[in-house]
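# Overview (structure and organization)
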Amino acid sequence: MASIAVYPGSFDPVTHGHLDIISRGARVFDKVVVAVLHNRNKVPLFSVEERVQLLKEVTKDMDNVEIDHFNGLLVDYISEKKATTIIRGLRAVSDFEYEMQAASINRKLNPEIETFFMMTNNQYSYLSSSIVKEVAKYQATVTDLVPEVVESALQEKYK
Ligand code: ADP
């Protein structure tokens, strides 16, 4: 049976940190579904459609990566995709508490689903979508932080 993993997140917008996790995940699993969350409490800068589009563009050369979006409970979506694993990235200790809580509740809801943590690449440990937006808002360069199409999309939003 093919191993399918889902990498859920806001991806508002996708950064080099996310891309690094996606490409490494794609070497571990037969297929990685990157799933953009709807219904978050935070007001996003990019719409779900825009985030999906940017993700599609930056992963277009990765054959076993699919981009999707979802609403509702993550474990239900995982079962719907016939996946068995959730991928999450860990940057610092500050990510740990939330991630442990999420992994525990997901295991309680469906013990068949495993959460797979990947440590950030050291060069991206400081990188988050929020930092990127903060920098781009003041017209500073985000060249090393995000792919080129994302940089252009950010310039368009903040112009
Ligand atoms: P969420 O709002 O669910 O945290 P994000 O888009 O911020 O969504 O992040 C999605 C996932 O990617 C999370 O597991 C997060 O820890 C991980 N991630 C974000 N930035 C990085 C990075 N620079 N390195 C490694 N993992 C990262």
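Structure first, text after, so check above.
The structure displayed is predicted, hence computed values, not measured ones.

### Examining the environment of Met62
- As for its position among the elements, Met62 is in the loop between α2 (48-58) and β3 (65-70).
- A relative accessible area of 22% places Met62 in the partly exposed class.
- In this structure, the C-alpha to C-alpha distance between Met62 and Leu145, residues 83 residues apart in sequence, is 20 Å.
- With residues near it in sequence (within four places) discarded, Met62 still touches Leu19, Ile22 and Ser23.

### Let's talk about the environment of Val75
- Looking at the secondary structure, you find Val75 in helix α3 (residues 74-80).
- By relative accessible area, which is 4% here, Val75 ends up buried.
- Between the C-alpha atoms of Val75 and Ser104, which are 29 residues apart in sequence, the distance is 12 Å.
- Other than its neighbours up to four places away in sequence, Val75 contacts Asn106, Leu109, Asn110 and Ile113.

### Digging into the sheet that holds β3
- The five strands are arranged β3-β2-β1-β4-β5 in an open sheet whose pairing can be described as parallel. Edge strands, defined here as strands with exactly one partner in the open sheet, are β3 and β5 (114-119). Across the sheet, the axes of successive neighbouring strands diverge by a mean angle of 30°, strand direction being ignored.
- Its contacts with the sheet place α2 against β2 (31-37) and β3, and it is angled at close to 155° to β2.
- Running over the sheet, helix α4 (residues 93-109) touches β4 (85-90) and β5 and is turned about 170° from β4.

### Here's the deal with the pattern of salt bridges
- A complete count under the given rule lists ten salt bridges for this structure.
- Of the charged contacts, one joins Glu66 and Lys31 as a salt bridge, the two residues approaching to 2.9 Å between their closest N and O atoms. With a gap of 35 residues between them, Glu66 in strand β3 and Lys31 in strand β2 connect regions that are remote in the sequence.
- Accessibility expressed as a relative area gives 30% for Lys31, which makes it partly exposed.
- Taken together, the shared-partner salt bridges connect Lys31, Glu66, Asp68 and Lys81 into one network.

Conventions we followed
Residues numbered from 1 in each chain as written. Predicted model: local features only at pLDDT ≥ 70, side-chain atom pairs only at ≥ 80, totals over all residues. Heavy atoms only, no water. Helix = DSSP H or I, 4+ residues; strand = E, 2+ residues; numbered from the N terminus. Buried < 20%, exposed > 50% of the residue type's maximum accessible area, 1.4 Å probe, protein only. Contact = heavy atoms within 4.5 Å. Pairing = 2+ DSSP bridges. Axes fitted to C-alpha atoms, helices over the stretch in contact; angles between N-to-C directions. Salt bridge = Lys/Arg side-chain N within 4 Å of Asp/Glu carboxyl O.

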